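Examining the three-dimensional arrangement
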Amino acid sequence: MSIHEKMRNDLSDKMIFEKAKEYALAYSDAADDMEAFPSKASQLLLKHFEEPMIEEGKSSMEILQMLNDYGAPNTVAQTGGRYYGFVNGGAVPVSLAAKWMADVWDQNGGLYNTSPINAKLESVCESWLKDIFDLPKETVAGFVSGTSTANLCALLAARYQLLKNLGWDINLDGLYGAPKLRILAHREVHASIKKTLVILGYGKNNIEWIPSDDQGRIVVDALPEIDSSCLILLQAGNANTGAFDDFKTVCTIANKYNAWVHIDGAFGLWAHASEKLKYLTQGIELASSWAVDGHKTLNTPYDLGIVMCRYPDAMISALQATGAYLVYSEYRDPILYTTEMSKRARAIDLWSTLSYLGKKGIDELVTGLYIRAKELESGLSKVGLTIVNDVVFNQVMVAYKGDAETKALLKYIQESGVCWLGGTTWDGRAAIRISVCSWKTNDEDIEKTIDVFREGIAFVNL
Ligand SMILES: *Cc1c(COP(=O)(O)O)cnc(C)c1O
């Protein structure tokens, strides 16, 4: 049978989607009680995928069944309440449902001409985000795969603009012979910023590294003299401690000299949406560009980052592509603001999440993560753990006695399946990092988490 015959004679779309829906609903029902991380036995099922590339393709049903039987047991319980790894976040159900619909629409979100609905919702989200973060009205936003790409887009715009201010057009004359930009970053900026600087060709040895304090915040007094060739990298939410830089002081100095400040706020920028936590983001509106994720704190589905920049010309000049067949419309064309061309219509799930929560709901969601982090802080210190960081947002770092005990405790908890959290080193010592970032995490989850720590401590002390 030819592939054309196979596809034409396959079950109807409806039957295939129904099967996927049946599996998806069963998964969703079980999500609260599943292991936070797949057991060794579940991981053995992954062997089923180790096949050589086959000559004759499988049937649609066989494929869905393999994913259900061997794939689903090898997911982490991201949509449950006790996955505290990295800063992953959960997913608001309606936003997953909206993404489902959008997936069926199979839109290319690149242009107005390839998806009017995505272009429209990008405009709407751009304006709502400016409102939520109190950013200048001239700010434009681009919708990308995550904060790593958002950081890259922002730094490309920064480089274009800073060089332009120094009389150099990077699009025409490139980097060779260009005036030297000074990159100022503190030690505790995120790995994605360090990676972006390397991708852009600056090299780690050319960065002016500024010390950071015991919480991973920039030491403002250690800032060197600033001039108009400076690109300064700040952070809203350190991935270990959750700490925020002093944006107001640094931006005020930077703006005096026409320098560019970029804020990586992957999960932390959302503190601005919480009345209680807003004090942490004071001064963000003074920066030149910002990066934030939807898929972390806001709990949209995965693959959703946002770059925002107060200089539309810089963004568009740095990121615009030209080609005879690339017809820009009189409406918004999403690819003007991103490195990607073809892309997922991700504004659809972002709009759905923002519409569902509303300003009040976002405030409650973000504040709720903080409140539960504080509950963990107090509960865990009562069972004998050392709290390593100042818990100002959603991150809690703990240690138990020395490095060996901390690592043994971490291993016990990871293998328990009750919850999953990662390890790190802070200040040269082993620590366990807990990121409360799902709307799902409730009091019962917090209790279960504290209980498993208590059990783990008993085990370590055996
Ligand atoms: C997660 C994170 C990033 C990277 O974002 P992705 O969405 O994973 O690409 C960058 N900076 C910080 C502070 C982060 O927490």
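Refer to the structure printed above.
Residues numbered from 1 in each chain as written. Predicted model: local features only at pLDDT ≥ 70, side-chain atom pairs only at ≥ 80, totals over all residues. Heavy atoms only, no water.

This part takes up the site of the ligand. Taken together, the residues surrounding the ligand are G146, T147, S148, H190, S192, G237, D264, A266, F267, D293, H295 and K296. S148 places a side-chain nitrogen or oxygen 2.6 Å from an oxygen atom of the ligand. Measuring from an oxygen atom of the ligand, one finds a side-chain N or O atom of H295 at 2.8 Å. When each cavity is represented as a set of grid points, the ligand is found to reside in the second largest pocket. (Near = heavy atom within 4 Å. Polar contact = N/O pair within 3.5 Å; in protein donor to acceptor, adjacent residues only side chain to side chain. 1 Å grid on protein atoms, 1.4 Å probe; cavity = no way out; pocket = protein on both sides within 12 Å on 5 of 7 lines; lining within 4 Å. Sits in = over half its atoms within 2 Å of the grid points.)

Together, F17, M101, V104, W105 and I117 line one region of the surface with nonpolar side chains, adding up to about 500 Å² of accessible area. Among the elements that take part in the nonpolar patch, helix α5 (residues 93-105) stands out by supplying 3 residues, more than any other. By secondary structure assignment, the location of F17 is in helix α2 (residues 13-30). A relative accessible area of 45% means that F17 is categorised as partly exposed. (Patch = residues over 30% accessible without salt bridge, like charges linked within 9 Å, V, L, I, M, F, W, Y side chains within 5 Å. Areas by Shrake-Rupley, 256 points an atom, 1.4 Å probe, with all protein chains shown as cover. Salt bridge = Lys/Arg side-chain N within 4 Å of Asp/Glu carboxyl O. Helix = DSSP H or I, 4+ residues; strand = E, 2+ residues; numbered from the N terminus. Buried < 20%, exposed > 50% of the residue type's maximum accessible area, 1.4 Å probe, protein only.)

With that settled, consider the sheet that holds strand β9 (residues 395-399). Spatially, β8-β9-β11-β10 is the arrangement adopted by the 4 strands of the open sheet, whose pairing is antiparallel. Every interior strand has two partners, whereas the edge strands, β8 (386-387) and β10 (422-426), have only one. Where β8 and β9 come together, 2 bridges link them in antiparallel fashion. If you follow I387 over to β9, its bridge partner there is V398. (Pairing = 2+ DSSP bridges.)

As a further point, take the pattern of salt bridges. All told, the structure shown has 25 salt bridges when counted by the stated rule. Put simply, D349 and R344 hold a salt bridge, and the shortest N to O gap is 3.1 Å. With a relative accessible area of 0%, D349 lands in the buried category. Close ionic contact of E444 with K448 constitutes a salt bridge, the shortest N to O distance being 3.5 Å. Taken together, the residues E444 and K448, both in helix α14 (residues 443-461) and 4 residues apart, mark about one turn of the helix. With a relative accessible area of 33%, K448 lands in the partly exposed category. One salt-bridge network, held together by shared partners, links D303, E340, R344, R346 and D349.

One simple way to see leftover space: roll a probe sized like a water molecule over the atoms. In the structure shown here, the tally under the stated rule is 1 cavity of 30 Å³ or more. One number sums up the size of the largest cavity: a volume of about 50 Å³. For the largest cavity, the full set of lining residues is A31, D32, M34, E35, A36, A77, G80, G81, R82, Y83, G417 and V418. Taken together, the residues that form the lining of the largest cavity break down as 6 nonpolar, 3 polar and 3 charged. (Points joined across faces, edges and corners; volume = space filled by probe spheres on them. Nonpolar A, V, L, I, M, F, W, Y, C, P; charged D, E, K, R; others polar.)

Given two aromatic rings, their pairing is described by the distance between the two centres and the angle made by the two planes. Within this structure, the stated rule accounts for 10 aromatic pairs. For the pair F49 and Y70, a centre-to-centre distance of 6.2 Å together with 85 degrees between the ring planes defines the contact as edge-to-face. Here F49 is found in the loop between α3 (40-44) and α4 (60-71), whereas its partner Y70 is found in helix α4, with 21 residues between them in sequence. Counting every residue linked through ring pairs, the aromatic cluster contains F37, Y83, F86 and W420. (Phe/Tyr/Trp six-rings, centres within 6.5 Å; stacked < 30°, edge-to-face > 60°.)

Before going further, it helps to spend a moment on the sheet that holds strand β1 (residues 140-144). What the 7 strands build is an open sheet, ordered β1-β7-β6-β5-β4-β2-β3; its pairing is mixed. In the strand order of this sheet, the two ends are held by β1 and β3 (207-210), each with one partner. On average, each strand axis in the sheet is tilted by 20 degrees relative to the strand beside it, whichever way the strands run. In this structure, strand β5 (residues 260-264) lies alongside strand β6 (residues 289-293), joined through 3 bridges in parallel fashion. Considered in β6, the bridge of D264 is made with A291. Most of the contacts of helix α7 (residues 147-165) go to β5, to which it runs at about 180 degrees, and overall it touches β1, β4 (230-235), β5, β6 and β7 (305-309). (Axes fitted to C-alpha atoms, helices over the stretch in contact; angles between N-to-C directions. Contact = heavy atoms within 4.5 Å.)

Each regular strand shows side chains that alternate between the opposite faces of the sheet. Across the 5 residues of β5, 5 count as buried, placing the element largely inside the fold. Side-chain alternation along β5 places W260, H262 and D264 on one buried face and V261 and I263 on a second face that is also buried. Across 5 bridges, β4 lies against β5 in parallel orientation. Residue L231 lies in a different strand from β5, and its bridge partner there is W260. On the question of chirality, the crossover connecting β4 to the parallel β5 by way of helix α10 (residues 247-256) is right-handed. (Right-handed = clockwise from strand over helix to strand, strands pointing away.)

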